[in-house]
Amino acid sequence: MPNKDIKLNRDWKKQDALKALPTRDGFGEGLIEAGKRDGNVYAICADLTESTRVDGFKKAFPDRFVQMGVAEQAMAAIGAGMCLAGKTVFIASYACFSPGRNWEQIRTTGCLQKTNLKIVGAHAGVSVGPDGATHQMLEDIALMRVLPEMTVLVPCDSIEAKKATILAAEIDGPVYIRLAREKSPVYTTEATPLELGKAQIFREGSDVALIGCGPLVYQCLLAAEMLAEEGISACVVNNVSVKPMDEKTIIEVAKKCGAIVTIEEAQAVAGMGSAVCELLAEEYPVPISRMGMQDRFGESGEPDELLEHFKLTAPHIVLVAKKILKKKSIK
Amino acid sequence: MPDIRPILTLSEKKLLSLELQANEIRKDILKMLTEAGSGHSAGPLGMADIFTALYFHILHHDPNKPLWDDRDRLFLSNGHIVPVRYATMAHAGYFDKSELMTLRKLGSHLQGHPEITHLKGLENTSGPLGDGAPQSVGTAYIGKKENKPWHVFCAMSDGELEAGIVWEAAMFAGKYKLHNLTWIIDRNNIQIDGFTEDIMPLEPIKDKFEAFGFEVIEVDGHNIDRFVDACREAQAIWERPVVIIAHTIPGKGVDFMEFDYKWHGAPPGKGPEDTFKKADQLNEALKDLRTLGGKIKSEHE
Ligand SMILES: Cc1ncc(C[n+]2csc(CCOP(=O)(O)OP(=O)(O)O)c2C)c(N)n1
Ligand SMILES: [Mg+2]
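Residues numbered from 1 in each chain as written. Chains lettered and ligands numbered in written order. Predicted model: local features only at pLDDT ≥ 70, side-chain atom pairs only at ≥ 80, totals over all residues. Heavy atoms only, no water.

Thoughts on the overall build of chain B
Within chain B one finds 10 helices and 5 strands. Relative to its length of 301 residues, chain B is compact, with a C-alpha radius of gyration of 18 Å against a globular reference of 19 Å. Overall, the C-alpha framework of chain B stretches about 55 × 45 × 40 Å when taken along its three principal axes. Expressed as a percentage of its 301 residues, the buried residues of chain B come to 58%. Taking the intrachain contacts of chain B between residues at least 6 apart in sequence as the baseline, contacts between residues at least 24 apart amount to 76%. As displayed, chain B has an accessible area near 11,900 Å², and 51% of this comes from carbon and sulfur atoms. In chain B, 34 positive and 45 negative side-chain charges are present, and the distance between their average locations comes to 4 Å. (Helix = DSSP H or I, 4+ residues; strand = E, 2+ residues; numbered from the N terminus. Rg over C-alpha atoms; globule rule 2.2 N^0.38 Å. Buried < 20%, exposed > 50% of the residue type's maximum accessible area, 1.4 Å probe, protein only. Contact = heavy atoms within 4.5 Å. Areas by Shrake-Rupley, 256 points an atom, 1.4 Å probe, with all protein chains shown as cover. Lys, Arg positive; Asp, Glu negative; His and termini not counted. Charge placed at Lys NZ, Arg CZ, Asp CG, Glu CD.)

Some remarks on the layout of surface pockets
Any empty space left between the atoms is revealed when a probe the size of a water molecule rolls over them. Residue and element names in this part refer to chain A. Empty space within the second largest pocket amounts to approximately 400 Å³. What lines the second largest pocket is a set of 21 residues, and nearest its centre among them are Lys 183, Pro 185, Gln 219, Asp 304 and Leu 307. Mapped by element, the contributors of at least two residues to the lining of the second largest pocket are strand 8 (184-185), helix 7 (216-229) and helix 10 (303-309). Classifying every residue of the lining of the second largest pocket gives 10 nonpolar, 5 polar and 6 charged. (1 Å grid on protein atoms, 1.4 Å probe; cavity = no way out; pocket = protein on both sides within 12 Å on 5 of 7 lines; lining within 4 Å. Points joined across faces, edges and corners; volume = space filled by probe spheres on them. Nonpolar A, V, L, I, M, F, W, Y, C, P; charged D, E, K, R; others polar.)

Overview of the UniProt feature "domain: Transketolase-like pyrimidine-binding" (unreviewed entry) in chain A
In this structure's numbering, the residues bearing the UniProt feature "domain: Transketolase-like pyrimidine-binding" (unreviewed entry) are residues 21-186 of chain A. The distance separating the terminal C-alpha atoms of residues 21-186 of chain A is 7 Å; by composition the span is 38% helix and 19% strand. (UniProt positions renumbered as here; feature names shortened; annotations may be inferred.)

Notes on the sheet that holds strand 3 (residues 181-187) of chain B
All names here are of chain B. The parallel open sheet is built from 5 strands, whose spatial order is 1-2-3-5-4. With one partner strand each, in any of the chains shown, strand 1 (73-76) and strand 4 (215-220) form the two edges of the open sheet. The mean angle between the axes of side-by-side strands here comes to 20°, regardless of whether they run parallel or antiparallel. Here strand 2 (residues 152-157) runs beside strand 3; their pairing, made up of 6 bridges, is parallel. Residue Phe 153 lies in a different strand from strand 3, and its bridge partner there is Thr 182. Strands in contact with helix 9 (residues 224-236) are strand 2, strand 3, strand 4 and strand 5 (242-247); relative to strand 4, the strand with the most contacts, it is inclined by about 170°. (Pairing = 2+ DSSP bridges. Axes fitted to C-alpha atoms, helices over the stretch in contact; angles between N-to-C directions.)

Re the pattern of salt bridges
All told, the structure shown has 33 salt bridges over all chains when counted by the stated rule. Two residues, Lys 13 of chain A and Glu 225 of chain A, come together in a salt bridge whose shortest N-O distance is 3.1 Å. Of this pair, Lys 13 of chain A sits in the segment before strand 1 (20-21) while Glu 225 of chain A sits in helix 7, and the two are 212 residues apart along the sequence. Each of Asp 158, Arg 187, Glu 197 and Glu 203 of chain B takes part in a single network of salt bridges with overlapping partners. (Salt bridge = Lys/Arg side-chain N within 4 Å of Asp/Glu carboxyl O.)

A closer look at helix 6 (residues 164-175) of chain B
All names here are of chain B. End to end, helix 6 covers 17 Å across 12 residues, agreeing with the expected 16 Å (1.5 Å per residue, within 8%). Taken as a whole, helix 6 has its buried residues at Val 166, Trp 167, Ala 169, Ala 170, Ala 173 and Gly 174. Axial view of helix 6: buried residues confined to an arc of 160°, hence all on one face. Projecting away from the buried face of helix 6 at angles above 90 degrees are the exposed residues Glu 168, Met 171 and Lys 175. Residues of helix 6 that are buried sit in contact with helix 5 (132-145), strand 2, strand 3 and helix 8 (205-211). Once helix 6 finishes, Lys 177 follows within two positions and takes phi at roughly 45°, a positive value. (Expected span 1.5 Å × (residues − 1). Arc of directions from axis to C-beta.)

With respect to empty space enclosed by the protein
Under the criterion given, the structure shown has 2 cavities of 30 Å³ or more. Of the volumes computed, that of the largest cavity is approximately 100 Å³. Taken domain by domain, the lining of the largest cavity gets at least three of its residues from each of domain 1 (17-185) and domain 2 (197-330) of chain A. For the second largest cavity, the full set of lining residues is Tyr 55, Leu 59, His 61, Pro 66, Arg 71, Asp 72, Leu 74, Arg 85, Tyr 94, Gly 121 and Glu 123 of chain B. Taken together, the residues of the lining of the second largest cavity sort by class into 5 nonpolar, 2 polar and 4 charged. (Domains from an automatic or database assignment.)

Printed below as a string of C-alpha cells:
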C-alpha cells in the first residue's frame with residue numbers, strides 16, 4: 001500500500017488519469033518562484049533557454065537572466081564569480097555539457113570555494129531518445145556525488161522538481177539538480193514532503209526494497225503492484241536526495257526487507273545505487289542488485305523503446321526483484 | 001614534402017551536375033528528417049552545396065574503402081548537421097539510400113549525432129559542440145609530421161565558435177603552421193536561442209582567425225564554383241592553416257525555413273506553423289526544391 005504520509009496523487013495507479021510532464025517543466029516553475037522569493041537569484045543559460053525551461057525566468061526577471069552562448073565551462077566559472085559577488089546562480093544546460101563538460105570548473109569554483117552555484121542538468125538519461133548517445137548523459141550522478149560540498153537532487157516528477165529547485169536556492173553551497181527531457185507521470189502532490197537528506201518511503205513493504213531516483217521511481221511503484229499480485233511485498237523508496245543520502249532510512253529498509261534493488265537512468269556504476277551499496281556494505285550488508293546502464297552508452301531510439309531496450313521498466317524490475325529474493329534465501 | 005593531390009577546376013558541365021545533385025540531397029534530407037520525426041533542418045540544408053562539392057569533387061576518397069589510409073579526412077564538429085553528411089554519403093555510394101530512412105531509429109547506423117563506431121566513413125563522433133575542431137588539428141598535426149599525402153578538412157558552425165576549446169585548438173594549429181588543415185565554418189548567423197550577434201557577438205571573425213595565425217578566405221557557401229576555388233587556394237597555401245568562412249543561408253532552398261532560427265532543431269512536420277501547417281511542411285518544402293531544380297537548369301542554358 002502506498003504510504004499515506006507521502007500524500008501521492010489519489011489516482012497514482014491510473015497512468016492515463018495522471019498529467020504527464022517532464023521534470024524540466026517543474027524546474028522552470030521552481031526557478032521563477034525562487035526568483036520571486038530572493039532578488040539575488042540569477043540564472044545563466046548556454047543557448048538552450050527554452051528547452052531547459054529557463055525562458056519563464058528570463059521573461060519574469062530579464063535583468064537577472066544572463067545569456068552565455070555555447071560556453072559551458074565559462075558559464076560555471078562566470079556563475080561562480082557572480083556567486084562571489086553575493087548572488088545565488090543557477091546555471092542550466094544539458095547534463096552532457098554541464099556538468100559533463102565543465103566538471104573541473106564546478107569542482108574548483110563551485111565546490112572547493114563553496115559558492116552558491118546551482119548546476120541544472122537537463123536531458124539526462126537515455127530517455128533523451130533520438131539524439132543518441134552523445135546527448136544521453138549517464139555519468140552525471142557519479143561525477144557530482146563524488147565532489148565534497150556538493151548536494152545532489154534527482155527529482156521523480158515535475159512537482160518534486162519544482163520543490164527541489166526552490167530548496168536548492170535555499171541550500172548554502174553548490175547543488176546539482178538532474179532533470180529529464182521526456183514527459184513522465186506527475187503523481188506526487190504539493191503536499192508530498194521534500195527535505196534535504198531525506199528519502200521518502202512511497203510504499204511500505206517487507207520482502208524487498210525498490211530504491212529509485214528520478215522518473216523511474218514511478219516504474220518501481222508499478223513493479224511493486226505487480227509483485228503484490230504474486231504475493232511479494234515490495235517497499236518503494238524515492239531516493240531523491242542522492243547526496244546527502246538518508247542513511248537512516250536506507251539502513252532501516254535494508255533491515256526490514258533484507259534485499260534491495262536500486263534503479264536509476266544512469267550508469268549502474270558509481271551512481272545512486274552504488275551510494276546505497278557503499279553505505280550498506282559498511283553498515284548492514286544485504287543482497288543488492290543495481291539496475292541502470294550496465295557499463296555501456298545509449299543509442300538513438302524512441303524514449304519508451306530505449307527504456308524497454310535497456311531493461312529499465314517495471315516488468316524488468318519485477319524480474320530482478322524476484323532474482324534477488326532467491327539470493328536472500330540462500331543467505 | 002608529400003606529393004600534392006590537386007583539386008581540379010570545375011567544368012561548366014560538372015558544376016551543373018553538382019548543383020542538381022545538391023538539390024537532390026536536400027530532398028533526401030527533408031524526407032529523412034520527416035521520417036525520423038526529430039532532428040535539425042536549417043544547418044543541413046544550408047551546408048548541402050558544400051558537402052556536395054566536398055564529396056563529389058574535392059575529397060580524395062573511396063566509398064568502397066571508407067578506411068583507405070590515404071583518404072582526405074573530413075571531420076564534422078557541429079554533429080547536429082549530420083543528416084547532410086549521411087545523405088551525401090549515400091549519394092556517393094557509401095551505403096544504400098534506403099538506409100537514410102532509418103535515421104535516429106533504434107539499431108540504425110545513422111545515429112542522431114554521428115558516431116564512428118556505428119558508421120564507417122565518418123572521421124569523428126560529434127554532437128557536443130567544439131570537440132571536432134581540435135580532433136581535426138590533432139590529425140593534421142600527425143599528417144604534417146609524417147608527410148602524409150592527405151588533407152584534413154573540418155566542417156564546423158558559427159555558434160560553435162563561442163566554445164573556448166575551438167580557440168585553444170586554433171592557437172595550436174597556428175603554432176604548428178598546419179598548412180594541411182582547412183576549417184570550413186558554416187557562417188549562417190543563427191544558433192538555437194537566436195541570431196549569433198545577439199546571443200554572443202562573434203565578429204570580427206576574420207580578424208580573430210588572422211590573429212591566431214590562420215589564412216582566412218570568405219566565400220558564398222552556395223556558390224559551388226567559388227567554394228571549390230577556395231579549397232584549391234587553401235591547398236596551395238603552404239605556411240598556415242586556412243579557415244574558409246562560408247556565408248550560408250540556414251534552411252537554404254526552402255523559402256519558409258530560410259533565415260529562421262526556429263528551424264534550427266525542427267524537422268518538417270514539427271516546425272513552427274507561421275507559414276505552413278505541420279502536415280503540409282514536407283510537401284511544401286519539396287515543392288520549393290522542385291522549383292529550384294528548374295531554376296538551376298535554366299540558369300545553365
Ligand atoms: C557543448 C554543447 N553545448 C550545447 C549544445 C546544444 N546545441 C546544439 S546546436 C546548438 C546551436 C549552435 O549554433 P550553430 O551550431 O551555429 O547552429 P545552427 O546554425 O546549425 O542552427 C546548441 C547550443 C551542444 N550540442 N553542445
Ligand atoms: Mg549557426
